[in-house]
Amino acid sequence: MSRFLKKYAVAFLAACLLLTGCSGGDGSSSYSVKEATKEAKSGQGFDYMTDEAVPAAEESADAGADSSAGDKAKGESNSVGNKQSENTTNKIDKEKLVFRCNMSIDTLEYADSVKKFRDLIKKYEGFVETETETDDKGMDSYYYYRDINPTQKKHSTYTATVRIPSAKYDDFLEETGGIGEVRNKTANVENVSQSYYSLQAELEVLEAKYQRYLEMLKKATTTKDIIDIENTITSIEVQINQIKTQLNRYDNDVAYSYVSVSIKEVEKIVQEEEKGTVSNAFEDSLTAFGNVCHGLFIIFIYFLPYLIVILVILLIVFFATMPVRKKHKAAKKAAKENAAKAPQNPVENPPVNPQASPVNPQAGPQEKK
């Protein structure tokens, strides 16, 4: 009876062992369980069922448990590896995009358009990086123009670079285009994913290296080793800070898009279909002619003080030399009068007529007839 019980106890332990191995998930374990049960019922494989067989079965069970634990640990390791692989894949799939846009807007109501634009920045929770506002009309910004034409309207220009949350980027651009007439719009997207994740991987390596050097510093015994390790740690810290700064910059650029806007005040807004018509060309010609005349007048006013000084100098010279010029003129007049009153001198030797016949010296005096 005791032998019969021992046989079934050993068979039961073997079956438990094989079932545990079966939980690892291979088909050979399932086959072994069936074979072991069959052998236990038939009495095969236990020819010497003594008390020594029980410890052997227990050792076999312990070995099976170790094998099962190893398989379980291996499975957990594979699971962790798969999770890390999935995380890496998710990181790669998540693009790091930086949006930028430049807009040029013309408006008839300058102050109102600028106010609307600033209200949009607040509405979309953005902020201003740079902002300038100037009078933009060529020579009209000079001091003499303001003095001569104090009532003339000046055309102003507002320029700003703002940062808008990327999630609201498109909506902001759409509303900004409604504050005036959009003349130019340029948008682009920069993908910084590769640079970002390369820096992130480099940061992980440096941080692991940093921790190893901290452990080495704790175990260092000589002063030289301590100094060398501390210098290396300092160098690693600098590299880590630089990479973190670059990653933060990328994160900020991805989170907040760049929008550069120029709002220009104009006197008239001409639609694209109106350009090139005869009436519009004639109007532009008159406007250009008026601008040229206006510019020439401004130049004349600019040089007027110099012209006045030159005129004064010329008048001084003119009046200073007037007596001399009068005296010279009187002398010249007197000389002409004296020349007119002087008698003419007689001619001593009259001119010889070449056509006269030559005189014959042998001929005597001609007789009078």
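Heads up: the structure comes first, above all this text.
Each chain has its residues counted from 1, following the order in which its sequence is written. Where local features are concerned, this predicted model is filtered to residues with pLDDT of at least 70; where side-chain atom pairs are given and counted, the filter is 80 or more; whole-chain, interface and lining totals use all residues. For side-chain calculations, the full set of non-hydrogen atoms in the structure is used, while hydrogens and water are omitted.

**Student:** Before we go on, may I ask you to explain the packing of helix α4 (residues 110-123) against helix α6 (residues 169-176) in this structure?
**Tutor:** Axis angle and axis distance: for two packed helices, these are the angle between their axes and the distance between the axes, and together they describe the pair. Two elements in contact, α4 and α6, have axes separated by 10 Å at closest approach and are oriented at 165°. Considering the angle they form, α4 stands roughly antiparallel to α6. Here α4 runs over α6; the crossing is right-handed. Here Phe117, Leu120, Ile121 and Lys123 of α4 lie close against α6, whose contacting residues are Phe172, Glu175 and Thr176. Residue composition of the contact of α4 with α6, grouped by class: four nonpolar, one polar and two charged. Orientation is described by lines fitted to C-alpha atoms, with helices fitted over the stretch in contact, and by angles between N-to-C directions that extend from 0 to 180 degrees. Numbering of helices and strands runs from the N terminus; a helix is a DSSP stretch of H or I covering at least four residues, while a strand is a stretch of E covering at least two. Orientation labels follow simple angle bins: below 35 degrees gives roughly parallel, above 145 gives roughly antiparallel, 65 to 115 gives roughly perpendicular, and whatever is left gives oblique. By definition, any crossing whose near helix is turned counterclockwise from its far helix by less than a right angle is left-handed, and any crossing with a clockwise turn is right-handed. We call two residues in contact when some of their heavy atoms are within 4.5 Å. Note that Gly is not counted as nonpolar here; it falls among the polar residues with everything else outside the nonpolar set of Ala, Val, Leu, Ile, Met, Phe, Trp, Tyr, Cys and Pro and the charged set of Asp, Glu, Lys and Arg.

**Student:** Any chance you could explain the side chain of Asp253 here in plain terms?
**Tutor:** Assignment of secondary structure puts Asp253 in helix α8 (residues 223-255). Among the residues examined, Asp253 registers a relative accessible area of 11% and is labelled buried. In this structure the side chain of Asp253 is engaged in a polar contact, spanning 2.8 Å, whose partner is the side chain of Tyr258. Not counting chain neighbours up to four residues away, the residues in contact with Asp253 comprise Leu97, Val98, Arg163 and Tyr258. For each residue, the accessible area found with a 1.4 Å probe, counting protein chains only, is set against the maximum for its type, and the residue is called buried under 20%, exposed over 50%, and partly exposed in between. Throughout this description, a polar contact denotes any pair of N or O atoms lying within 3.5 Å of each other; where both atoms belong to protein, one of them has to be capable of donating a hydrogen while the other can accept it, and for residues adjacent in sequence the pair is counted only when both atoms sit in side chains.

**Student:** What should I look at first to understand the pairing of strand β5 (residues 256-265) in this one?
**Tutor:** Regular strands place side chains that alternate from one sheet face to the opposite one. Only strands that DSSP links by at least two bridges are regarded as paired with each other. When strand β1 (residues 97-107) meets β5, the two strands line up parallel, connected through eight bridges. Bridging across to β5, Arg100 finds its partner in Tyr258. Alignment of strand β3 (residues 156-165) against β5, held across nine bridges, turns out to be antiparallel. The residue of β5 that forms the bridge with Ala160 is Val261.

**Student:** So what exactly am I meant to see when it comes to the environment of Thr176 here?
**Tutor:** You can see Thr176 is positioned in helix α6. For Thr176, a relative accessible area of 0% corresponds to the buried category. Sequence separation between Thr176 and Met103 is 73 residues, and the spatial gap between their C-alpha atoms is 9.0 Å. Once residues within four sequence positions are removed from consideration, Thr176 is found in contact with Met103, Ile105, Phe117, Leu120 and Val261. From its side chain, Thr176 meets the backbone oxygen of Phe172 in a polar contact 2.7 Å long.

**Student:** What exactly am I supposed to notice about helix α9 (residues 278-320) here?
**Tutor:** By this rule the span expected of a helix is its residue count minus one, scaled by 1.5 Å. Along its 43 residues, α9 runs 60 Å from first to last C-alpha, staying within 8% of the 63 Å computed at 1.5 Å per residue. Approximately 45° is the largest bend angle found in α9, and it occurs at Leu304, with the proline Pro305 only one to four residues beyond. Among all positions in α9, only Asn280, Gly295 and Ile298 are buried. One fitted axis covers the seven residues ending at a residue, a second covers the seven starting there, and the bend at that residue is the angle between these axes.

**Student:** Sorry if this is basic, but what is going on with the pattern of salt bridges here?
**Tutor:** Side-chain pairs of opposite charge can arise where the charged atoms are in close proximity. A carboxyl oxygen of Asp or Glu within 4 Å of a side-chain nitrogen of Lys or Arg is what we treat as a salt bridge. Within the structure shown, the criterion is met by 12 salt bridges. Residue Arg163 is joined to Glu129 by a salt bridge in which the shortest nitrogen-to-oxygen separation is 2.9 Å. One end of the pair, Arg163, is in strand β3; the other, Glu129, is in strand β2 (residues 127-135), and 34 residues separate them in sequence. For Arg163, a relative accessible area of 5% puts it in the buried group. Given a relative accessible area of 41%, Glu129 falls into the partly exposed group. The partner of Asp253 in a salt bridge is Arg163, with the nearest N and O atoms 3.2 Å apart. With a gap of 90 residues between them, Asp253 in helix α8 and Arg163 in strand β3 connect regions that are remote in the sequence.

Without other data, these values stay purely geometric and don't point to any function.
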